[in-house]
Amino acid sequence: MNAAERIQLGGTGTGIGSMPGTDAREAAAVVNGELDLAHLVELPARGVGADMIGRMAAVLVDLPMDADTWGYRLGSRGAGSARRARDHLQADLDAVEEIWDAAGFIGTSRPFKIQVCGPFTLSASVELPSGHKVLRDRGAWRDVVASTAEGTRELAGEVTRRLGAEIIVQLDEPMVGQVIDGAVVPLTRFDTIPAVPVVEVVDALRGLIDAVDCPAIVHSCAAPRWDLITRMPGVGWSLDVTSVTSDDLDGLGMLLDRGDVLVAGVVPGTGGDRRVRAETVATRLATLVDRIGLPRKVLSDSVVVSPTCGLAGAEPGWAKAALGVCAATGELLGTDPEAL
């Protein structure tokens, strides 16, 4: 059963996850004020433990992680970066709970999205105590998959208890293509990191999603990996669709035709033109669907509108405007896509 069948997502707008600034309440107010499909904010500007990788120190179960000079490393319990990550996460959860309580959303089963770093991007980014990438050790990255599954399940459960929401889980996997291609940069040129076959990536992500037991979206702002997407029906995909190839058109057609959710990254994440209008973006998506050869009804059934990537590097004013454009575009797609 895919995300579109479990929760009606089509014809809405959402964000990718990250926002500019350091104020959790301010960011949550923007996200929840602009979007029907709001999400748990990430504020990387707060420093260690607040970025996509660092947040996982607060999510992983029985797999402690710390920061060192070069980045993040699996390490000992009680690490300072893990405490900061937990503090940041709790602040973000408290902020959205307060907003939902004031708005009367708690217990309404309103959809809400949480994001975690996917296990392959995490394994390609974090080091073992030896200094090698986790991905180099097959047993280690499998431990990361299991720990991510358990931690994400617990996080989804906490958000459900706090908000009474229908939780959607987004796995951020910008490096999964490099993992499949064996292109992750090693510690030294003699320290090879083997490619992980796409079938093993599929099995691992499938197992994780089944364990979490929530509708799932996989996000990547890199070039779409159709060899992976083709093998994973029933999962939503968050992709940059601003510049598509003929292969992308075929892949998008396959994705939408089988009824899966497409989170269409189409609104600029940084340097946005304030003159961007929802009508223009909606027409662009309608034209894309026409090129694919599918009925425009898929726009209201299965397409969610988003920025092309996270908004951490955006000016605060544009971040709010971009989310507003996403929401307004989604509303247009959900009403009468044939009229676009």
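Now for a description of the structure that goes with this document. (Residues numbered from 1 in each chain as written. Predicted model: local features only at pLDDT ≥ 70, side-chain atom pairs only at ≥ 80, totals over all residues. Heavy atoms only, no water.)

## Things to note about the overall build of the protein chain
Here is step 1 of the chain: Assigned secondary structure in the protein chain consists of twelve helices and ten strands.
Here is step 2 of the chain: Over its C-alpha trace the protein chain gives a radius of gyration of 19 Å, about what one expects of a compact globule, namely 20 Å for 340 residues.
Here is step 3 of the chain: Summarising its shape, the C-alpha atoms of the protein chain cover approximately 60 × 45 × 35 Å along the three principal directions.
Here is step 4 of the chain: Relative to its 340 residues, the protein chain shows a buried fraction of 55%.
Here is step 5 of the chain: Here the analysis covers contacts within the protein chain between residues at least 6 apart in sequence; of these, 74% occur between residues at least 24 apart.
Here is step 6 of the chain: Carbon and sulfur atoms make up 50% of the accessible area of the protein chain, which amounts to about 13800 Å² in all.
Here is step 7 of the chain: With 31 positive and 46 negative side-chain charges, the protein chain shows a separation of 3 Å between the mean positions of the two kinds. (Helix = DSSP H or I, 4+ residues; strand = E, 2+ residues; numbered from the N terminus. Rg over C-alpha atoms; globule rule 2.2 N^0.38 Å. Buried < 20%, exposed > 50% of the residue type's maximum accessible area, 1.4 Å probe, protein only. Contact = heavy atoms within 4.5 Å. Areas by Shrake-Rupley, 256 points an atom, 1.4 Å probe, with all protein chains shown as cover. Lys, Arg positive; Asp, Glu negative; His and termini not counted. Charge placed at Lys NZ, Arg CZ, Asp CG, Glu CD.)

## Some thoughts on the sheet that holds strand 9 (residues 262-267)
Here is step 1 of the chain: Reading across the sheet, the eight strands line up as 1-10-9-8-7-6-5-2 and stay open at both edges, with parallel pairing between neighbours. What marks the edges here is a single partner per strand, and that holds for strand 1 (12-13) and strand 2 (38-39).
Here is step 2 of the chain: Summarising the sheet, strand 5 (residues 111-117) and strand 6 (residues 166-172) pair through seven bridges and their orientation is parallel. Directly across from Cys-117, in strand 6, lies its bridge partner Asp-172. (Pairing = 2+ DSSP bridges.)

## Quick look at helix 10 (residues 278-292)
Here is step 1 of the chain: The first and last C-alpha atoms of helix 10 sit 21 Å apart over 15 residues, in line with the 21 Å expected at 1.5 Å per residue.
Here is step 2 of the chain: Regarding helix 10, the residues found buried are Ala-278, Val-281, Ala-282, Leu-285, Ala-286, Leu-288 and Val-289. On an axial view of helix 10, the arc spanned by its buried residues comes to 155°, and they lie on one face.
Here is step 3 of the chain: The elements touched by buried residues of helix 10 are helix 9 (246-257), strand 9, helix 11 (297-302), strand 10 (303-307) and helix 12 (316-335).
Here is step 4 of the chain: Note on helix 10: the residue one or two positions beyond its end, Gly-293, has a positive phi of about 95°. (Expected span 1.5 Å × (residues − 1). Arc of directions from axis to C-beta.)

## Considering the nonpolar core
Here is step 1 of the chain: Among the nonpolar cores identified, the biggest contains 109 residues, and Met-19, Met-65, Phe-112 and Phe-120 are the most heavily contacted of them.
Here is step 2 of the chain: Residue contributions to this core peak at nine residues, all from helix 5 (residues 138-163).
Here is step 3 of the chain: The contact partners of Phe-120, leaving out residues within four places of it in the chain, are Leu-135, Trp-141, Glu-173, Val-176, Val-179, Val-196, Glu-200, Val-201, Ala-204 and Leu-205.
Here is step 4 of the chain: Formed by seven residues, the second largest nonpolar core is a distinct cluster that contains Leu-37, Ile-168, Ile-217 and Val-304. (Core = buried A, V, L, I, M, F, W, Y, C linked by side-chain atoms within 4.5 Å.)

## Considering the side chain of Arg-162
Here is step 1 of the chain: On the secondary structure map, Arg-162 appears in helix 5.
Here is step 2 of the chain: When its relative accessible area of 15% is taken as the criterion, Arg-162 is described as buried.
Here is step 3 of the chain: In terms of polar contacts, Arg-162 uses its side chain to reach the side chain of Asp-94, at 2.9 Å.
Here is step 4 of the chain: Arg-162 has contacts with Gln-90, Leu-93, Asp-94, Glu-97 and Ile-106, leaving out every residue within four places of it along the chain. (Polar contact = N/O pair within 3.5 Å; in protein donor to acceptor, adjacent residues only side chain to side chain.)

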